[in-house]
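Listed here are the chains, written in short residue letters.
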Amino acid sequence: RMYSATQLFFIFSGLFFGALVFALLVNSVFIRFFRTFGIREGEGTVRWSATQKPAFGGIGFFLIFLGAFAIHGALFPKYDNPYQPELIGLLAATGLGFLMGLADDAYDTRPVLKLLTQIACGIILIASGSSIRIFDAQWANWLLTVFWTVGLMNSINMLDNMDGIATVTSIAILACGLFMHLTTGPIITINVVLIIGIIAALGGFLFFNWNPSRMYMGDTGSQFLGVFLAYVGIRCFWNAQSPVGLTE
């Protein structure tokens, strides 16, 4: 089925506001009923805040991410093959990052395990076809892809120590990628739906993360989000043709 430009505008707007409302609701529920999850009690916790706050915002991110996959399949069943290696790799890498972050928030896992998991996320992206391609030597591209993925996962984690910074930065990056894609690339693609969904999820989370914040995204969110930003960066910027766009 073909959609007109007006229909697509309302579809994407509905997706955004639906995901935004869901993010607001799910984070409200978490704040009310799970006040102790993700709060670090021991020494070594670094937060630019005088009080401890729950860190479970990433759960909403991942739920909306999975929902965006399902919604895209329902609305645009003929436009994308859901069994593309890149998409399967994205699901696997983000899922692994999410689970590692969840374990870290709950049990404070060892840094070496976290690093190995981050490297594994980069390797999964490479194996599924989402790797940076700027060097003639393939090993150099693979090494840079792993460094890029690990770097983003840790950068978002560090930025999450300050109210609103990680959220606003991520929204800006994704909005830039979405703008480039909508103006130069195919509009009806699963990448557009995923980016819109995550921007909405971040917007709903920002309501609780803005200074003075009531929650952080935690490792659950930063590890998932780092992988997703790495994927978007590879598809939209590193490997972009001229003009810049997400390529399928």
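See the structure shown above.
Residues numbered from 1 in each chain as written. Predicted model: local features only at pLDDT ≥ 70, side-chain atom pairs only at ≥ 80, totals over all residues. Heavy atoms only, no water.

**Some remarks on the layout of surface pockets**
- In this model, the second largest pocket occupies a volume close to 200 Å³.
- Residue lining of the second largest pocket: Ala 5, Leu 8, Phe 9, Phe 12, Phe 16, Leu 178, Leu 182, Ile 187, Ile 196 and Ile 199, and that is the complete set.
- Among the secondary structure elements, those contributing two or more residues to the lining of the second largest pocket are helix H1 (5-33), helix H6 (165-184) and helix H7 (190-209).
- The dominant element in the lining of the second largest pocket, judged by the number of residues it contributes, is H1, at 5 residues.
- In the lining of the second largest pocket, the residues fall into 10 nonpolar, no polar and no charged. (1 Å grid on protein atoms, 1.4 Å probe; cavity = no way out; pocket = protein on both sides within 12 Å on 5 of 7 lines; lining within 4 Å. Points joined across faces, edges and corners; volume = space filled by probe spheres on them. Helix = DSSP H or I, 4+ residues; strand = E, 2+ residues; numbered from the N terminus. Nonpolar A, V, L, I, M, F, W, Y, C, P; charged D, E, K, R; others polar.)

**Comments concerning the nonpolar core**
- The biggest cluster of nonpolar side chains holds 57 residues, and the ones touching the most others in it are Phe 12, Phe 65, Leu 174 and Phe 228.
- Of all the elements in the fold, those that place two or more residues in this core are H1, helix H2 (58-75), helix H3 (85-107), helix H4 (111-127), helix H5 (138-159), H6, H7 and helix H8 (218-238).
- Looking at this core element by element, the count peaks at 13 residues for H7.
- In contact with Leu 174, not counting residues within four places along its chain, are Ile 195, Ile 198, Ile 199, Leu 202, Phe 228, Leu 229 and Val 232. (Core = buried A, V, L, I, M, F, W, Y, C linked by side-chain atoms within 4.5 Å. Buried < 20%, exposed > 50% of the residue type's maximum accessible area, 1.4 Å probe, protein only. Contact = heavy atoms within 4.5 Å.)

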